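# Working through the structure, step by step
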Amino acid sequence: NIALMQEEQKHFLEAEKLYQEVLKTYQKIAYLDSVEYAETSQNYAGLQRETGNLPNAIEWYQKAIRIYEKNQLQNSQSYISAANNLALTFSENAQ
């Protein structure tokens, strides 16, 4: 995932552009309930959290969680990670 690589290298603006491009592509092809869209949403939420945009991070973690639930993946590592990160982001946002 090039966006994730850009994020890890602290190239946040480039990572954000890439995530947005991928998310728009999924939206165009009606792939909104896919696990891939959820994973990309979760990664994008992580970028938003890392750059201090906590309200946006919360929104994207919640989107990912809803998709995992819709696909009955509540016991998956991805779901657990998204829920944990959402809780941490709520805590950070409250400070």
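All values reported here derive from a predicted model rather than from experimental measurement. (Residues numbered from 1 in each chain as written. Predicted model: local features only at pLDDT ≥ 70, side-chain atom pairs only at ≥ 80, totals over all residues. Heavy atoms only, no water.)

Right, let's talk about the nonpolar core for a bit. The biggest cluster of nonpolar side chains holds 22 residues, and the ones touching the most others in it are Tyr-19, Tyr-37, Tyr-44, Trp-60 and Tyr-68. Tallying contributions element by element places helix H4 (residues 54-70) first for this core, with eight residues. With near-sequence residues (within four places) excluded, Trp-60 lies in contact with Leu-23, Tyr-37, Ser-41, Tyr-44 and Ala-45. (Core = buried A, V, L, I, M, F, W, Y, C linked by side-chain atoms within 4.5 Å. Buried < 20%, exposed > 50% of the residue type's maximum accessible area, 1.4 Å probe, protein only. Helix = DSSP H or I, 4+ residues; strand = E, 2+ residues; numbered from the N terminus. Contact = heavy atoms within 4.5 Å.)

Time to look at the packing of aromatic side chains. By convention here, two paired aromatic rings are described through the distance between centres and the angle between planes. Inspection of the entire model under this criterion finds four aromatic pairs. Taking 5.8 Å as the distance between ring centres and 75 degrees as the angle between the ring planes, the aromatic pair formed by Tyr-26 and Tyr-37 counts as edge-to-face. Of the two residues, Tyr-26 sits in helix H2 (residues 12-28) while Tyr-37 sits in helix H3 (residues 35-50), which places them 11 residues apart along the sequence. Each member of the pair, Tyr-26 as well as Tyr-37, is classed as buried. Feature note: the residues Tyr-19, Tyr-44 and Trp-60 constitute an aromatic cluster, connected by ring pairs. The cationic tip of Lys-63 hangs over the ring face of Trp-60; the distance from NZ or CZ to the ring centre is 3.8 Å. (Phe/Tyr/Trp six-rings, centres within 6.5 Å; stacked < 30°, edge-to-face > 60°. Lys NZ or Arg CZ within 6 Å of the ring centre and 35° of its normal.)

Between its first and last C-alpha, H4 extends 24 Å over 17 residues, near the 24 Å set by a 1.5 Å rise per residue. Three or more residues of H4 are buried, namely Leu-54, Asn-56, Ala-57, Ile-58, Trp-60, Tyr-61, Ala-64, Ile-65, Ile-67 and Tyr-68. Looking one or two places after H4, you find Gln-72, whose phi comes out positive at around 55 degrees. (Expected span 1.5 Å × (residues − 1).)

Position of Ala-3 relative to the elements: it lies in helix H1 (residues 2-8). The exposure class of Ala-3 is buried, given its relative accessible area of 5%. Put simply, Ala-3 and Gln-74 are 71 residues apart on the chain and 26 Å apart in space, counted from C-alpha to C-alpha.

The next thing to look at is the environment of Ala-83. With respect to the helices, strands and loops of the structure, Ala-83 is situated in helix H5 (residues 77-94). Owing to a relative accessible area of 29%, Ala-83 belongs among the partly exposed residues under this scheme. With 52 residues separating them along the chain, Ala-83 and Tyr-31 place their C-alpha atoms 22 Å apart.

Turning next to H2. Helix length check: H2 (17 residues) gives 24 Å between terminal C-alpha atoms against 24 Å at 1.5 Å per residue, within 8%. Those residues of H2 not exposed but buried are Ala-15, Leu-18, Tyr-19, Leu-23 and Tyr-26. Seen end-on, H2 carries its buried residues on one side only, within an arc spanning 130 degrees. In H2, the exposed residues that point more than 90 degrees away from the buried face are Leu-13, Lys-17, Glu-21, Lys-24 and Lys-28. If you follow the buried residues of H2, they end up packed against H1, H3 and H4. Among the residues trailing H2, Ala-30 stands out with phi positive, at a value near 55 degrees. (Arc of directions from axis to C-beta.)

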